[in-house]
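In case you want the letters, here they are:
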Amino acid sequence: MTSRQAFQAIMACRPAARMPLLVIDPYEAMTVDLWRAAGHVPAGVSPSDVLRMDPFAPVWLNLGPIPVFERRRLSENAHEYIETTEMGCTVRSLKEAPGMYYGHVDHPVKTSDDWQRYRERLDAVTPGRLWPELEAFVARVNASETPTCLTLYPWFFRYGFYLMGMERFLLAFYDQPALIHDIFGHLSRMTRDLIRPLLPRVRFDCACFAEDLAFCTAPHISPEIYRDFWLPHQDPVTAELKAAGIPVISLYTSGNCEALLPLAMQHGINATWPCERNAGMDPLHLRRKFGPDLRLIGGVGHTCLTRGRAAIDAEVRRLRPLIEEGGFIPMLDDMIPPEVDYESYAYCVEALRAMSR
């Protein structure tokens with residue numbers, strides 16, 4: 001049984017001969033650098049390949065600006081530098097972790113006029129939005145033996161944060177509601193124009209709204225904001241995904257999104273991951289509250305990897321009832337921070353492998 005077949009069976013709550021060991025979050029660059037320096041992971045090889053794990057076969061739509069904004073280094077000192085990104089943001093990065101942003105300094109959209117200029121870069125028919133060799137792409141995805149996931153990123157919340165910054169974006173739901181509806185409506189229409197050529201031809205196992213709209217204790221937005229601003233523009237996309245027969249439609253967010261799940265489930269979303277344990281997204285609790293109609297992936301608290309093998313064993317063992325029940329695939333719930341050594345990560349992967357047998 002391939003990992004794709006196993007994924008399909010488990011998400012349908014049917015028996016499977018194996019449990020896919022999925023990599024649902026990218027590896028933090030600093031962590032992999034440390035593992036490489038220690039000789040555990042060869043250059044040019046992913047840790048998941050070394051440990052024989054099962055990656056998604058992600059299909060990333062290009063929802064970003066075309067042409068992209070120029071990347072420019074604006075200033076630097078001994079510890080950090082400030083530069084512009086391809087999304088048009090100005091960010092601060094530490095030199096010891098150049099792949100991570102440690103502060104957004106400025107954003108490209110402050111007024112409706114700014115947005116009108118920005119949206120000129122968001123046209124579905126712009127060359128480069130879809131793959132140049134579309135026939136070969138379709139054949140490759142359909143033949144994949146790993147689960148295929150249509151990933152819509154950045155989705156509404158993350159896009160708004162990139163465009164406006166957190167404070168201005170959150171205030172705009174009250175101060176500039178027409179602007180938010182215009183942004184979300186445009187992104188929705190562009191997304192539908194992009195997926196229509198793909199949906200009849202590509203066998204997707206799941207689709208994912210990827211936006212990180214929650215923090216440690218709650219969502220960044222209320223259910224009322226989600227209802228009034230998300231659903232009018234997200235529902236048409238969800239309807240096309242469902243009409244194409246995609247069986248799993250997920251909300252991807254770190255943090256605690258539990259308060260939004262009842263509305264999301266009423267409007268076609270039937271999964272969430274990565275179920276961040278440190279934020280209270282315990283898969284056992286979510287299953288008791290929402291039942292098997294809500295599929296789950298993740299839920300293995302990555303912080304247990306710093307507490308020794310007994311803690312890892314206990315964390316994996318407590319999830320056995322959900323594994324047996326179906327509709328759940330256990331995996332680490334976040335990117336792996338540098339304080340996690342390779343041996344602990346490898347031990348956790350093998351514990352999950354053993355549990356899946």
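The structure this text deals with has already been given above.
A brief report on the enclosed structure follows. (Residues numbered from 1 in each chain as written. Predicted model: local features only at pLDDT ≥ 70, side-chain atom pairs only at ≥ 80, totals over all residues. Heavy atoms only, no water.)

### Details of the packing of aromatic side chains
Inference 1: The tally for this structure, following the rule as stated, stands at 22 aromatic pairs.
Inference 2: Considering the side-chain rings of Tyr 226 and Trp 230, the 5.9 Å spacing of their centres and the 25° angle between planes classify their relative orientation as stacked. Of this pair, Tyr 226 and Trp 230 both sit in helix H9 (residues 223-243), 4 residues apart, roughly one helical turn.
Inference 3: Among the aromatic residues, those joined into a cluster by ring pairs are Trp 155, Phe 156, Phe 157, Phe 169, Phe 173, Phe 184, Phe 209, Tyr 226, Phe 229 and Trp 230.
Inference 4: The aromatic ring of Tyr 81 is capped on one face by Arg 73, whose charged end is 3.7 Å from the ring centroid.
Inference 5: The ring of Phe 69 has Arg 121 lying over it, and the distance from NZ or CZ to the ring centre is 3.8 Å. (Phe/Tyr/Trp six-rings, centres within 6.5 Å; stacked < 30°, edge-to-face > 60°. Helix = DSSP H or I, 4+ residues; strand = E, 2+ residues; numbered from the N terminus. Lys NZ or Arg CZ within 6 Å of the ring centre and 35° of its normal.)

### Regarding the environment of Leu 61
Inference 1: Mapping Leu 61 onto the fold places it in the loop between strand S3 (57-60) and strand S4 (73-76).
Inference 2: A sequence separation of 89 residues divides Leu 61 from Leu 150, and the C-alpha atoms of the two residues are 7.6 Å apart.
Inference 3: In contact with Leu 61, other than residues within four places in its own chain, are Trp 131, Leu 150, Thr 151, Leu 152, Tyr 153, Thr 191, Leu 194, Ile 195 and Leu 198. (Contact = heavy atoms within 4.5 Å.)

### Quick look at the sheet that holds strand S11 (residues 271-273)
Working definition: the strands of a sheet are paired by backbone hydrogen bonds and lie parallel or antiparallel to each other.
Inference 1: Strand order in this open sheet of 7 strands is S3-S8-S9-S10-S11-S12-S13, and the pairing throughout is parallel. One side of each edge strand has no neighbouring strand; the edge strands of this open sheet are S3 and strand S13 (328-332). Between one strand axis and the next, the sheet turns by 25° as a mean value, whatever way the strands run.
Inference 2: Where strand S10 (residues 248-252) lies against S11, 3 bridges are found, and the strand directions are parallel. Looking across to S11, one finds that Leu 251 is bridged to Thr 272.
Inference 3: Sitting on the sheet, helix H11 (residues 283-290) touches strand S12 (295-300) and S13, and the angle it makes with S12 is about 155°. (Pairing = 2+ DSSP bridges. Axes fitted to C-alpha atoms, helices over the stretch in contact; angles between N-to-C directions.)

Honestly, that's just the spatial picture; any functional story needs more than this.
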